[in-house]
Amino acid sequence: MSLLKLYTKKIFDIFSANWKNFLIIGIAYLLIFVIFAPTSNLIDNQLSSRLETLGNIKMNDYILNLLIIFAISMLIISIFAISVHNFFIYILTKAISVGDFRFWKLLKQNLKNFWKIFLFSLIELLAVTISIVFFIIPGIYLLFIFSFALTIIANDNLSIIDSLKKAYRVFNENLWKNIGLILLWKFIVLLGWIAGSWLRINGLVTLIDWFVTTALIYLIVYEPVITEKNNTELKPEND
């Protein structure tokens, strides 16, 4: 818990110095998904409606083709949604790294890298989905690795493969502490979602989670409080 407090203080300092510009980034992030959500809901509703209509009819080529079309549509939507989400994490990581949260400047400078993030997101979706479906725990582990790798891509401008290699090394250096910190924060977010549903402020909870998770992973990788804390504890008292 003490480590989380130390990281929380650092994250609060970052936010308090840049909160106005962060809100612009956050509003843009939410608006994209608010605008995009009806498309996903329409496809999902159409699929459910067709399946209910054809539920008592023997499976045939028409139904099979229909399911394939909807499955491909949902896959495309999922890839796009994950790519946009990851691109905003990429931009936010850039902002934290350079200390400049001006959204339009960041967007102009980094829009050319969207296709790199798109490819990264496609690999992430396939790797994590396959791993979770067949193995579960390795899939969850890969979620951590890809989260660290995205931060490294943004900050170090490495290739996808090199970023994944560095993410694997960095994440495993303090494996259980890193897992514990992130899971503890996600537990707090879960409580926030429960309260947010009651108070109807889930959008705000989403922004907080997005910012804190991104900043936390960045700090774990590039400004590890755990190292500073250990050095302080090991430092002789007469120093």
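These figures come from a predicted structure and were not determined experimentally.

(A) Region of the structure containing a nonpolar patch on the surface. Together, W19, L23, I27, L31 and I35 give the surface a local cluster of nonpolar side chains, amounting to about 500 Å² of exposed area. You can see I35 is positioned in helix α1 (residues 2-53).

(B) Spatial organisation of unusual backbone geometry. Here the phi dihedral of I136 falls at roughly 65°; this positive angle occurs in a residue that is not glycine. Tracing the chain through its elements places I136 in the loop between α4 (114-134) and α5 (137-156). Overall, I136 belongs to the exposed group, its relative accessible area being 51%. Notably, N157 is not glycine yet its phi reads approximately 55°, a positive angle. Topologically, N157 is positioned in the loop between α5 and α6 (160-173). For N157, a relative accessible area of 51% gives the class exposed.

(C) The arrangement of the packing of aromatic side chains in detail. Across all of its chains, the model carries 19 aromatic pairs by this definition. Chaining the aromatic ring pairs together yields one cluster made of F15, F22, Y29, F88, F103, W104, W210 and F211.

(D) Molecular detail of the packing of α5 against helix α8 (residues 202-222). Direction vectors running N to C along α5 and α8 enclose 75°, while the axes themselves pass 10 Å from each other. Classified by the interaxial angle, the pair formed by α5 and α8 is roughly perpendicular. Counting all contacts with α5, which are made through S147, F148, T151, I152, N155 and D156, the residues of α8 involved are I217, Y218, I220, V221 and Y222. When its residues are assigned to classes, the contact of α5 with α8 shows 7 nonpolar, 3 polar and 1 charged.

Criteria and cut-off values
Residues numbered from 1 in each chain as written. Predicted model: local features only at pLDDT ≥ 70, side-chain atom pairs only at ≥ 80, totals over all residues. Heavy atoms only, no water. Patch = residues over 30% accessible without salt bridge, like charges linked within 9 Å, V, L, I, M, F, W, Y side chains within 5 Å. Areas by Shrake-Rupley, 256 points an atom, 1.4 Å probe, with all protein chains shown as cover. Salt bridge = Lys/Arg side-chain N within 4 Å of Asp/Glu carboxyl O. Helix = DSSP H or I, 4+ residues; strand = E, 2+ residues; numbered from the N terminus. Buried < 20%, exposed > 50% of the residue type's maximum accessible area, 1.4 Å probe, protein only. Phe/Tyr/Trp six-rings, centres within 6.5 Å; stacked < 30°, edge-to-face > 60°. Axes fitted to C-alpha atoms, helices over the stretch in contact; angles between N-to-C directions. Parallel < 35°, antiparallel > 145°, perpendicular 65-115°, else oblique. Contact = heavy atoms within 4.5 Å. Nonpolar A, V, L, I, M, F, W, Y, C, P; charged D, E, K, R; others polar.

Structural measurements only, silent on function.
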